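One letter stands for each residue in the lines below.
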2 protein chains.
Amino acid sequence: MIRRLNDAIIARDAPIVVGLDPNLKFIPEGIKEAAFREHGETAEGVAEAFWQFNKGIVDAICELVPAVKPQIAMYEQFGLPGLAAFDRTVRYCKEKGLIVIADAKRGDIGSTSESYAVGMLGATQVGDASVRAFDADFVTVNPYLGSDGVRPFIEVARKEDKGIFVLVKTSNPSSGELQDLVVAEGEQAGKPLYEVVGALVEKWGSDLMEGAYSNVGAVVGATYPEQGRILREIMPHAVILVPGYGAQGGRGKDLAHFFNRDGLGAIVNSSRGIIAAWKEEQYAKYGAEGYADAARAAVLAMKEDIHGAV
Amino acid sequence: MIRRLNDAIIARDAPIVVGLDPNLKFIPEGIKEAAFREHGETAEGVAEAFWQFNKGIVDAICELVPAVKPQIAMYEQFGLPGLAAFDRTVRYCKEKGLIVIADAKRGDIGSTSESYAVGMLGATQVGDASVRAFDADFVTVNPYLGSDGVRPFIEVARKEDKGIFVLVKTSNPSSGELQDLVVAEGEQAGKPLYEVVGALVEKWGSDLMEGAYSNVGAVVGATYPEQGRILREIMPHAVILVPGYGAQGGRGKDLAHFFNRDGLGAIVNSSRGIIAAWKEEQYAKYGAEGYADAARAAVLAMKEDIHGAV
């Protein structure tokens, strides 16, 4: 799957993933009104608004970018109807040829991680039938439980030709509280925790290679460019999923070190900066009805910003 | 909520939580056949089997224990129908007076953690309506992203009088790979990561106290009794949720140090050891049809084992 992602990045000349993280605050009134008229002010109404909103964005950007990253929390917040909108969004994006990264940050003890991995990427045998749950292409994984919590995701990814992105250095302000702690002993003495995790990502990926890259990627926030540079060296075969661009403060110039010399090795996420672009002064001319066109324009501007920097 | 949990532990004289982690391997053929007859070999069929199985267990144990802990991965694996069975199980357990710990190990950057917290514990305002998603009483939280990934859970818990359990030292074999790394610098120099996280749990809980305990608890595996002893001292006000008893190898004698001198401060989880008891030789006399009675007998045996040790 990482080869497919890299090929799509090259074909569209855009190392960009659009975060499909809908929020009622970003959704044009017209979409919300129609959804609430049909379903009332209920979770079903919100789910319908999410779906209609997403569909508009996806139709506008699907030929510009290789991938989307729906953040499942936004949907889970609205219970089963919300998760049905997540499911529908994943399916629709795949129909439109987009690669889907389920941003779910799952991770547990081994047998439970296996269930999460199957739920997000794989299939379960039920009698003679094979049942697929969410069927995304990649899932984000939290490494706090160590190798035996991550390996089941790798095994399912191998079987299904899919991939994972492991949290290494996250984009949030307090990510350093644990991730930057310097290790005192052993092979990794003197290194911060995120480097230890980065080395594990490289190791985990070593037997899941496709060409120059592995199906075990890493999440490193655009808000930490210096750490990005170091992690780029530690994990030469990992594609880095880079959140934190745009609304969280990361800028094109921060991204240069996340890429390898082949121009690959990173894919930059923007969520609010794209899907809520119509609310920014810069894109105000599109109006609420043109929210999807504003998203398209914001993707093109992001592409230019990244090309200028990389 | 932690007061309610402690009161229920005292009232039932059982610091025990039953893990509702259904698996087709544990479910009696009769239940599966009926469910598949109605829904076919589909996710809906599995979900119906999960629900019927859970209902039997819950009816048999609801007067013996204070709490249950459904592991959401088991349900998520079967997509939307699976999650509907999770939802139904949570609601039913609450109707039966049980406290529900959603074992979801969520955690993300701040704004996303807020959505997860609302989804598992809280409510969202939609127009004039308040929408609740899963409405559990506690949720397990992964601390890898640091304080700003955990605080939103604490804020929602405060608002809703609910609580969280933060992963500190997990029960799995490779939990030490990151969690045992010794920190080189700063206030916590010389201490392993799990102690750093334990100190954070105590700090996070300090303004969410109810009586002698806080609504910020910790997860520490029964498989690591020595670490449990240390963490008990570091987190005097945290209730420790202890997985790993039974099927993962933890025994009653390993549990003594997880409790405080008041006899409280820990709640021990068993999943397979209870819900799949009917498959063990010891409980074979109950047969498949008596699976719920076997679960009840296993709870009573576990109670005795813990009382003998604590």
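Just above, that's the structure.
Here's a quick rundown of the structure. Everything numeric here is computed off the predicted structure, so don't read it as measured data. (Residues numbered from 1 in each chain as written. Chains lettered and ligands numbered in written order. Predicted model: local features only at pLDDT ≥ 70, side-chain atom pairs only at ≥ 80, totals over all residues.)

Note on the copies: chain A fits chain B at an RMSD of 0.0 Å, the axial shift is 0.0 Å, and the rotation between them is 180 degrees. Both copies are brought into coincidence by an operation consistent with a two-fold rotation axis. The position closest to the rotation axis in chain A is occupied by the C-alpha of Ala184(A), lying 2.1 Å away. (Least-squares fit on C-alpha atoms with pLDDT ≥ 70 in both.)

Next up on the list: the sheet that holds strand E7 (residues 163–169) of chain B. All names here are of chain B. A barrel is described by the order of its strands in space; here eight strands give the closed sequence E1-E2-E3-E6-E7-E10-E11-E12, paired in parallel fashion. Where strand E10 (residues 216–220) and strand E11 (residues 240–242) come together, two bridges link them in parallel fashion. Opposite Ala218, over in E11, you have Ile240 as the bridge partner. Running at roughly 150 degrees to E7, helix H7 (residues 147–160) makes contact with strand E6 (138–141), E7 and E10 of the sheet. (Pairing = 2+ DSSP bridges. Helix = DSSP H or I, 4+ residues; strand = E, 2+ residues; numbered from the N terminus. Contact = placed C-beta atoms within 7 Å. Axes fitted to C-alpha atoms, helices over the stretch in contact; angles between N-to-C directions.)

Moving on: helix H3 (residues 43–61) of chain B. Helical periodicity: at 3.6 residues per turn, an α-helix aligns residues three or four positions apart in one direction. Counted at 1.5 Å a residue, the expected span for H3(B) with its 19 residues is 27 Å, and the 27 Å between its end C-alpha atoms agrees. Here H3(B) lies mainly inside the structure; 16 of its 19 residues are buried. (Expected span 1.5 Å × (residues − 1). Buried ≥ 20, exposed ≤ 12 C-beta atoms within 10 Å, placed from the backbone.)

Moving on, we get to the nonpolar core. Counting residues in hydrophobic clusters, the biggest one holds 228 residues, and the most contacted among them are Val166(A), Ala295(A), Val166(B) and Ala295(B). Ignoring anything within four residues of it in the chain, the contact list for Ala295(B) reads Ile57(B), Ala60(B), Ile61(B), Ile274(B), Ile275(B) and Ala277(B). (Core = buried A, V, L, I, M, F, W, Y, C linked by C-beta atoms within 7 Å.)

It is worth spelling out the packing of helix H2 (residues 29–39) of chain B against H3(B) at this point. When two helices pack together, their arrangement is given by the angle between the helix axes and the distance between those axes. Residues and elements named next belong to chain B. Running from amino to carboxyl end, H2 crosses H3 at an angle of 140 degrees, the nearest separation of the two axes being 8 Å. Looking at the two axes, H2 sits oblique to H3. The element H2 and its partner H3 pack so that their crossing is right-handed. Contact residues: Ile31, Lys32, Ala35, Phe36, Glu38 and His39 in H2; Glu44, Gly45, Glu48, Ala49, Gln52 and Phe53 in H3. (Parallel < 35°, antiparallel > 145°, perpendicular 65-115°, else oblique. Left-handed = near helix turned anticlockwise from the far one by under 90°.)

Residues and elements named next belong to chain A. Tracing the backbone through its elements, the reader meets Ile101 in strand E3 (residues 99–106). In sequence terms Ile101 and Ala136 are 35 residues apart; their C-alpha atoms lie 6.3 Å from each other. Not counting residues within four places of it along the chain, the set of residues in contact with Ile101 comprises Val17, Ala67, Lys69, Ala136, Asp137, Phe138, Phe165 and Leu241.

Our focus in this paragraph is the environment of Glu38(A). Along the chain, Glu38(A) turns up in helix H2 (residues 29–39). Separated by 10 residues in sequence, Glu38(A) and Glu48(A) place their C-alpha atoms 9.0 Å apart.

The next point concerns the pairing of E10(B). Residue and element names in this part refer to chain B. Of all five residues in E10, five are buried; the element is thus mostly enclosed. Side chains Val216, Ala218 and Val220 of E10 all project onto a buried face; the interleaved residues Gly217 and Val219 project onto the opposite face, where all are buried too. Two elements, E7 and E10, share five bridges in a ladder whose sense is parallel. Paired with Val166 across the two strands is Ala218, which belongs to E10.

In this model helix H5 (residues 79–95) of chain B runs 25 Å from its N-terminal to its C-terminal C-alpha over 17 residues, within 8% of the 24 Å that 1.5 Å per residue would give. In this structure, the buried residues of H5(B) make contact with helix H5 (79–95) of chain A together with H3, strand E2 (67–68), helix H4 (72–76) and strand E3 (99–106) of chain B. With its phi angle positive at about 85 degrees, Gly97(B) sits one or two positions after the end of H5(B).

In this section: unusual backbone geometry. All names here are of chain A. Although it is not a glycine, Asp135 adopts a positive phi angle of roughly 55 degrees. Relative to the helices and strands, Asp135 is located in the loop between strand E5 (129–132) and strand E6 (138–141). Taking the C-beta count within 10 Å as the criterion, Asp135 has 19 such neighbours and is therefore assigned partly exposed. For Asp161, which is not a glycine, the phi torsion comes out positive at approximately 50 degrees. Tracing the backbone through its elements, the reader meets Asp161 in the loop between helix H7 (147–160) and strand E7 (163–169). By C-beta crowding, Asp161 is classed as partly exposed, having 15 other C-beta atoms within 10 Å.

Moving on to the pairing of E6(A). All names here are of chain A. Residues of E6 alternate between two faces, with Phe138 and Thr140 on one and Val139 and Val141 on the opposite face, all of them buried. One ladder, built from three bridges, connects E3 with E6; its direction is parallel. Residue pairing across strands places Ile101 opposite Phe138, the latter belonging to E6.

All names here are of chain A. At a minimum axis separation of 8 Å, helix H3 (residues 43–61) and helix H12 (residues 291–309) run at an interaxial angle of 45 degrees. On the basis of their axis angle, the class for H3 and H12 is oblique. Taken as a pair, H3 and H12 cross one another with a handedness that is right-handed. Across the interface between the two elements, Gly56, Ile57, Asp59, Ala60 and Ile61 of H3 pack against Tyr291, Ala292, Asp293, Ala295, Arg296 and Val299 of H12. Looking at the contact of H3 with H12 residue by residue, the class counts come to seven nonpolar, one polar and three charged. (Nonpolar A, V, L, I, M, F, W, Y, C, P; charged D, E, K, R; others polar.)

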